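Fold and geometry: a report
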Protein chains: 2
Amino acid sequence: MTKHVQKEPYFAVIFTSKSSDNTKGYEEMAKKMDELVKSQEGFIGLESVKEGQEGITVSYWKSMEAIKNWSMNERHAAAKKGGKETWYDSFNVRICEVVREYAFEK
Amino acid sequence: MTKHVQKEPYFAVIFTSKSSDNTKGYEEMAKKMDELVKSQEGFIGLESVKEGQEGITVSYWKSMEAIKNWSMNERHAAAKKGGKETWYDSFNVRICEVVREYAFEK
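Residues numbered from 1 in each chain as written. Chains lettered and ligands numbered in written order. Predicted model: local features only at pLDDT ≥ 70, side-chain atom pairs only at ≥ 80, totals over all residues.

Take the overall build of chain A next. Along chain A, the regular secondary structure elements total three helices and five strands. Tracing chain A from N to C terminus, the helices and strands come up as β-β-α-β-β-α-α-β. Buried residues in chain A amount to 22% of all 106 residues. Within chain A, counting contacts between residues at least 6 apart in sequence, those at least 24 apart form 80% of the total. (Helix = DSSP H or I, 4+ residues; strand = E, 2+ residues; numbered from the N terminus. Buried ≥ 20, exposed ≤ 12 C-beta atoms within 10 Å, placed from the backbone. Contact = placed C-beta atoms within 7 Å.)

Rotating chain A by 180° and moving it 0.0 Å along the rotation axis overlays it on chain B with an RMSD of 0.0 Å. In the structure described here, the two chain copies are related by an operation that fits a two-fold rotation axis. In this assembly the copies share their binding face: 100% of the residues contributing to the interface of chain A also contribute to that of chain B. (Least-squares fit on C-alpha atoms with pLDDT ≥ 70 in both.)

Residues and elements named next belong to chain A. Pairing of strand E3 (residues 43–51) with strand E4 (residues 54–61), which is carried by eight bridges, proceeds in the antiparallel orientation. Counted as the bridge partner of glutamate 47 is valine 58 from E4. A loop of two residues connects E3 with E4, the two strands running antiparallel in sequence, and glycine 52 in this loop sits at a positive phi of about 60°. (Pairing = 2+ DSSP bridges.)

This paragraph deals with the packing of helix H1 (residues 26–38) of chain A against helix H3 (residues 74–87) of chain A. All names here are of chain A. Running from N to C, H1 and H3 point in directions that differ by 150°, and their axes come no closer than 11 Å. Taken together, the axes of H1 and H3 lie roughly antiparallel to each other. As for how H1 packs across H3, the hand of that crossing is left-handed. Contact with H1, carried on its side by Tyr26, Met29, Met33 and Leu36, involves Arg75, His76, Ala79, Gly82 and Trp87 of H3 and no other residues of that element. (Axes fitted to C-alpha atoms, helices over the stretch in contact; angles between N-to-C directions. Parallel < 35°, antiparallel > 145°, perpendicular 65-115°, else oblique. Left-handed = near helix turned anticlockwise from the far one by under 90°.)

Interfaces are often sized by the accessible area lost when the parts come together. With 31 residues of chain A at the interface, the matching set in chain B holds 31 residues. Elements supplying a minimum of two residues to the side of chain A that touches chain B: strand E2 (10–19), E3, E4 and strand E5 (88–105) of chain A. Take the side of chain A that touches chain B: its biggest share by element is 18 residues, from E5 of chain A. Of the residues belonging to the side of chain A that touches chain B, the class tally is 15 nonpolar, four polar and twelve charged. In this structure, E5 of chain A lies alongside strand E5 (residues 88–105) of chain B, joined through 15 bridges in antiparallel fashion. Pairing of glutamate 105 of chain A across the sheet is with serine 90 of chain B, part of E5 of chain B. (Nonpolar A, V, L, I, M, F, W, Y, C, P; charged D, E, K, R; others polar.)

This part covers the nonpolar core. Ranked by internal contacts, the top residues of the largest apolar core, which has 27 residues, are Phe11, Ala12, Ile14 and Cys96 of chain A together with Ala12, Ile14 and Cys96 of chain B. Of all elements in the fold, only E2, E4 and E5 of chain A together with strand E2 (10–19), strand E4 (54–61) and E5 of chain B reach the threshold of two or more residues within this core. For this core, the leading source of residues is E5 of chain A, giving six residues. (Core = buried A, V, L, I, M, F, W, Y, C linked by C-beta atoms within 7 Å.)

Taken as a whole, chain A shows an average pLDDT of 92; of its residues, 93% reach a score of 70 or greater. Interface predicted TM-score (ipTM) for the complex: 0.90; the corresponding pTM is 0.91. (pLDDT = per-residue confidence, 0-100.)

Let us now look at the environment of lysine 68 of chain B. Residue and element names in this part refer to chain B. Take lysine 68: it is sitting in helix H2 (residues 64–72). Exposure remark for lysine 68: the 12 C-beta atoms within 10 Å place this residue in the exposed category. Along the sequence, lysine 68 and phenylalanine 43 sit 25 residues apart, while their C-alpha atoms lie 12 Å from each other.

All names here are of chain B. Considering the arrangement of structural elements, one finds lysine 80 in helix H3 (residues 74–87). Residue classification places lysine 80 among the buried positions, given that 20 C-beta atoms sit within 10 Å. Here the alpha-carbon distance between lysine 80 and glycine 45, two residues 35 residues apart in the chain, equals 20 Å.

Note on strand geometry: in a regular strand, side chains alternate between the two faces of the sheet. Residues and elements named next belong to chain A. Note: E2 against E5, ten bridges, orientation antiparallel. Considered in E5, the bridge of tyrosine 10 is made with valine 98. Note: E2 against E4, eight bridges, orientation antiparallel. In the sheet register, phenylalanine 11 faces E4, and the bridge partner there is tryptophan 61.

What follows is the structure, given as structure tokens:
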């Protein structure tokens, strides 16, 4: 049954991307970032799906401050630099406040 | 170069799903919904990625009212009924206000 999920206000970062043909070092970086993000203060969770060169990753956060701290993390900044130089042809980052939520589970 | 994209406030609907093993009629419905959503007042765009049974679809809207109208669309409601009964084991719908946005393109 679909039910309304009651929660504290929280935030989502929608990262949509088109990867380049150069995948050298990508998997290693992605694995490191996956570990690092989970240790961040205010991190709630992450969902990521990839289909060919198109990817969507959504991460969830307790506050805008937590998102800002993660964006300024030094190792994350280095990964983003690599992303721009090497791994992505294009991407969009959208920072959102989650207003309502519904969940369905069989 | 990464740049800040200036826009009017707008909204995102994040649909994350785990599909069932029963795909009968899914493609036909998905194609119809894809056409129908594009004709909705206030619809901006849509990004969708699928990897095995995991899917993330993000649609963008000019207002909360446009999202509400789409959620109440009769043919959309019928598709959602099929989704619950047949095509999905679970899904989440998160309605969000986009607060900030960055775009990168090579």
